[in-house]
Amino acid sequence: MEAFTTHTGRAVPLRRSNVDTDQIIPAHWLKKVTRDGFEDGLFEAWRKDENFVLNRPERKGASVLVAGPDFGTGSSREHAVWALQNYGFKAVISSRFADIFRGNSLKNGLLTVVLDQKVVDRIWEVTEADPTAEVTVDLEKRQVLSEGITADFELDENARWRLLNGLDDISLTLQNEADIVTYEAARPSHKPRTIDA
Amino acid sequence: MGRTLAEKVWDDHVVRRADGEPDLLFIDLHLLHEVTSPQAFDGLRQAGRPVRRLDLTIATEDHNTPTLDIDKPIADPVSRAQLETLRKNCAEFGVRLHPLGDVEQGVVHVVGPQLGLTQPGTTVVCGDSHTSTHGAFGALAFGIGTSQVEHVLATQTLPLARPRTMAITVEGELPDSVTAKDLILAIIARIGTGGGQGYILEYRGSAIEKLSMEARMTICNMSIEAGARAGMIAPDETTFAYLRGRDHAPQGEEWDTAVEYWKTLRTDDDAVFDAEVFIDGSELAPFVTWGTNPGQGAPLSANVPDPASYEDASERHAAEKALEYMGLTAGQPLREINVDTVFVGSCTNGRIEDLRNAASILDGRKVADGVRMLVVPGSVRVALQAVEEGLDKVFTAAGAEWRHAGCSMCLGMNPDQLAPGERSASTSNRNFEGRQGKGGRTHLVSPQVAAATAVLGHLASPADLSDVRTPAGV
Ligand code: SF4
C-alpha cells in the first residue's frame, strides 16, 4: 500500500447524498478478475449524462472527491474503493461515510476524510466557482486546506499510523518476519510440501 | 487442564502471540482455485511481492470447468477468462497448477487428500468455504476470503482470533441404511444452520471412529452448513492407512516420526469443550432435505412439515417460503416427491467410495424414464479408479451420464444446471434457492438415496428397491 502523507489536487464536487456502492460500481462489474480496470465502471449510470460533474472537461485529472453525506452505503464490495482509486481519486471528503466502505477504503489506502457539512458546503462553493482551485489533505497535520478554508479532521491513531507508513495487513504481518522465519526453521521435516523447494 | 484436538493443532501453529492482538498462525497448506484467487494475485503484483512458500501452495481448476467436451474451448467467456487468469498467475508466480485435462485435476477438496497433502495436525486454508473437508484428517482447515488469500500467499500466515470448540459425539451403531451424509444432515437439522457459529466442531464417539476416511470427509465437509468455521476428527489407524504410500505422505523414518506426532493430537480425556452435543447413531435413518437450507431436512419416511408447527416465527416464515419455492405442500410424504434430475458428485460425495455406493445400487437396474442422472467424479483420479473398477459401465448401462471431473451441478457455474422449476436429488451440500440453476429445486441426499431415487423417479432409499433389480448385472 502507498503511504499517504499529504495530497494536493483539484476537486470534484459531488452534490449528492446516500451514494451507495451500487452507484459507485454496479454489480455486473464484479465478475472481473483484477483489482484494476474499474475506472470506467465508476458511477457508470450517472456518467451516461454528459453534464454529470465527472464528465465535465474542467474536472479532468481531479483527485479529491467531495461528496454529500452517507457516502458508500449498501453492499460491502471492496470494488467500490478500487473503482475510485483506479479513476485517480486519492481522498474522499464527506460529512458521513458508511462504516464498511470506510474500513475498506482505509485498508486500501484511500483516505476518507470526515468534515462538518458546513465545511463541505464551503468546499463545494469554492471548487464550483473555480474548478482550478486546489484542495490539500494533510494527514500529518490532520487538516484540509483550500482557498480561505482550514479545517481539522479526526482519524484514529492506528489508522493514521498505518496510512502514513503505507502499512496494509500484509505489511504489518511482514514486520514480524523474524518470528515467521524462526517458526519456519523449527517446522518438522515430515510436514507436506507441494513441490521440492 | 488437557487440550482438545483443535487447541493442540492451533497451539502448534502460533508464530506470534501478543496481548490484545489475534494470534498469527502459520499455514501448512494453501489450496487455490480459479474463482477466489485472481484479485489476490493482482494484489501481490501491485505490491511487488512474491508467493512466500511455493512449496506449500497448489492450485487446481474446478468451479468453471465443463464436464463434457473438455478438449474444446470453454464456451462461456467469463468462465474461460477465470481459468485463463489462474493459468497466467500460476505461471507468473511459479505456483504448481493442475489444469483441466491434467491427471491430478479435480475439485480442490478431493485433490488435496488424494495427493496425501492433507495430513493430521496441519493447518489448511483455501478461498472456499468447504475447506472444512480436510478436517477429516485431524487438520485444522477452513475457508478464507480473497484478501486473506493474498495475505497467505505473501506471508504464509494469518492473524486469527481463536474460535471456541464444540464436541459432537455420536455413539451407537449406525443402521446399515444410514450413511455419513444422513448423519451430517441429521446433525445440521438438530443444531441448525447457525448452531456451529463461532465454533470448531470435533466429531467423536464410537460411530465416528468406525467411519472410513471418505465418510469422515463427507461429515467434515458440511460443518460449514452448520455455521461452523471448521470440523475435525481425531486421526487414528484409519487415517494412517489412508495416507500411507500417497504421493506426498512422509516416507521411511519420517513416516514413523509423523505417526508418532499424529497420535498425540487426540483430545485429552480431561479437556473441556465450550459446548457439547450428543447423538444416538442407532436411531438415525436415511435423511433428505425438503427446504432451501441444509437444516431443513427430515427422515425420508417423514412428511413435508407443516410450517404452522414451528413455534419460532422466523423458522415458520422460512419454512413457508421454502415450501413455496420448492413447490411442496405440508403433509406430503417425502417419498412421493418426483424428481427430474439426479446428481452424484461434488466435494461432499464425489469420491470413489461414493461412486461405488451409487453403482452398487444401479447395477442391473435402470434410471427411470424421464429422469436424467449425472455422475460427476470429484477428480480425474477418482474417474480413472472408477473406470478401472467398471463403475462407469454400470452407470451408463443404467442410463446415467458419466461426466468429466469438476464441481459441475453442485453450483452450476459451468453448463450443468437445473432449468427453472426442475427438481433434483443431489449428493452436494447446498440446497439454496437457485444454487443449481435459476429456479432449480434441490433435495440433498446420500449417494445411495440418489441412486434409488434415480431408479424409482421419486425420493427413495435402497430398501424401497428390493423387487426391481434385473439379474443381469455387469
Ligand atoms: S463441489 Fe461444490 S461445494 Fe465443493 S468446492 Fe465445488 S462448488 Fe464448492
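Residues numbered from 1 in each chain as written. Chains lettered and ligands numbered in written order. Predicted model: local features only at pLDDT ≥ 70, side-chain atom pairs only at ≥ 80, totals over all residues. Heavy atoms only, no water.

Quick notes on the pairing of strand β5 (residues 134-138) of chain A
For a regular strand, side-chain orientation follows a simple rule: the groups alternate between the two sheet faces.
All names here are of chain A.
Moving on, step 1. For β5, a buried count of 4 out of 5 residues is recorded, marking the element as mostly surrounded by other parts of the structure.
Moving on, step 2. Relative to β5, strand β1 (residues 6-14) runs antiparallel, the two sharing 5 bridges. Residue pairing for β5: H7 is matched across the bridge by V137.
Moving on, step 3. Summarising the sheet, β5 and strand β6 (residues 143-146) pair through 3 bridges and their orientation is antiparallel. Its bridge partner being in β6, T136 is matched across the sheet by L145. (Buried < 20%, exposed > 50% of the residue type's maximum accessible area, 1.4 Å probe, protein only. Helix = DSSP H or I, 4+ residues; strand = E, 2+ residues; numbered from the N terminus. Pairing = 2+ DSSP bridges.)

What about the environment of L211 of chain B?
Residue and element names in this part refer to chain B.
Moving on, step 1. With respect to the secondary-structure elements, L211 resides in the loop between α7 (206-209) and α8 (213-221).
Moving on, step 2. Measuring from C-alpha to C-alpha, the distance between L211 and E283 comes to 17 Å, with 72 residues separating the pair along the chain.
Moving on, step 3. Setting aside chain neighbours within four positions, we find L211 in contact with L174, R216, I219 and T238. (Contact = heavy atoms within 4.5 Å.)

Regarding the sheet that holds strand β6 (residues 123-126) of chain B
Residues and elements named next belong to chain B.
Moving on, step 1. What the 5 strands build is an open sheet, ordered β5-β4-β3-β6-β7; its pairing is parallel. Edge strands, defined here as strands with exactly one partner in the open sheet, are β5 (96-98) and β7 (140-143). In this sheet, adjacent strand axes meet at a mean angle of 20° when their direction is disregarded. (Axes fitted to C-alpha atoms, helices over the stretch in contact; angles between N-to-C directions.)

A few points about helix α5 (residues 146-155) of chain B
Residues and elements named next belong to chain B.
Moving on, step 1. Counting buried positions along α5 yields 7 of 10 residues, so the element is predominantly enclosed.
Moving on, step 2. All of the buried residues in α5 are V149, E150, H151, V152, L153, A154 and T155.
Moving on, step 3. Looking one or two places after α5, you find Q156, whose phi comes out positive at around 60°.

What about the interface of chain A and chain B?
Moving on, step 1. At the junction of the two partners, chain A supplies 30 residues and chain B supplies 44 residues.
Moving on, step 2. Buried surface at the junction of chain A and chain B, summed over both partners, amounts to about 3,300 Å²; 53% is from carbon and sulfur atoms.
Moving on, step 3. Seen at the junction of chain A and chain B, the total is 8 salt bridges.
Moving on, step 4. Between R35 of chain A and E150 of chain B there is a salt bridge; the shortest N-O distance is 2.6 Å.
Moving on, step 5. Our enumeration of links across chain A and chain B arrives at 22 residue pairs in polar contact (both at pLDDT 80 or more).
Moving on, step 6. Every element with two or more residues in the side of chain A that touches chain B is listed here: α2 (79-87), α6 (169-174) and α7 (177-186) of chain A.
Moving on, step 7. Looking at the side of chain A that touches chain B element by element, the count peaks at 6 residues for α7 of chain A. (Buried area = accessible area lost by both parts, 1.4 Å probe. Salt bridge = Lys/Arg side-chain N within 4 Å of Asp/Glu carboxyl O. Polar contact = N/O pair within 3.5 Å; in protein donor to acceptor, adjacent residues only side chain to side chain.)

Considerations on the packing of aromatic side chains
Moving on, step 1. All chains considered together, the criterion is met by 15 aromatic pairs over all chains.
Moving on, step 2. Between F43 of chain A and W46 of chain A the ring centres are 5.5 Å apart and the planes differ by 15°, which places this aromatic pair in the stacked class.
Moving on, step 3. Ring geometry for Y87 of chain A against F89 of chain A: centres 5.4 Å apart, planes inclined by 20°, an arrangement best described as stacked.
Moving on, step 4. Classification of Y87 of chain A by relative accessible area gives partly exposed; the value is 26%.
Moving on, step 5. The exposure class of F89 of chain A is buried, given its relative accessible area of 2%.
Moving on, step 6. An aromatic cluster is present here, built from W29, F38 and W82 of chain A joined pairwise through their rings.
Moving on, step 7. Just above the ring of W46 of chain A sits the side chain of R16 of chain A; from NZ or CZ to the centre is 3.9 Å.
Moving on, step 8. In this structure, R164 of chain B packs its charged tip against the face of Y199 of chain B, placed 4.4 Å from the ring centre. (Phe/Tyr/Trp six-rings, centres within 6.5 Å; stacked < 30°, edge-to-face > 60°. Lys NZ or Arg CZ within 6 Å of the ring centre and 35° of its normal.)

Some words on the domain arrangement of chain B
Residue and element names in this part refer to chain B.
Moving on, step 1. If you check the domain split of chain B, you get domain 1 (3-273) and domain 2 (288-462).
Moving on, step 2. For domain 1 and domain 2, the distance between their C-alpha centres works out to 24 Å.
Moving on, step 3. In total, domain 1 and domain 2 occlude about 3,100 Å² of area from one another, counting both sides; carbon and sulfur atoms represent 58% of this.
Moving on, step 4. Contact with domain 2 buries surface across domain 1, with T67, K181 and E214 losing the most and accounting together for 20% of the total.
Moving on, step 5. Linking domain 1 with domain 2 are 2 salt bridges, by the criterion used here.
Moving on, step 6. A salt bridge links R430 to E225, with the nearest nitrogen and oxygen atoms 2.7 Å apart.
Moving on, step 7. The interface formed by domain 1 and domain 2 contains 21 residue pairs in polar contact (both at pLDDT 80 or more).
Moving on, step 8. For the side of domain 1 that touches domain 2, the secondary-structure elements that each account for two or more residues are α3 (77-93), α4 (108-114), α6 (180-191) and α8. (Domains from an automatic or database assignment.)

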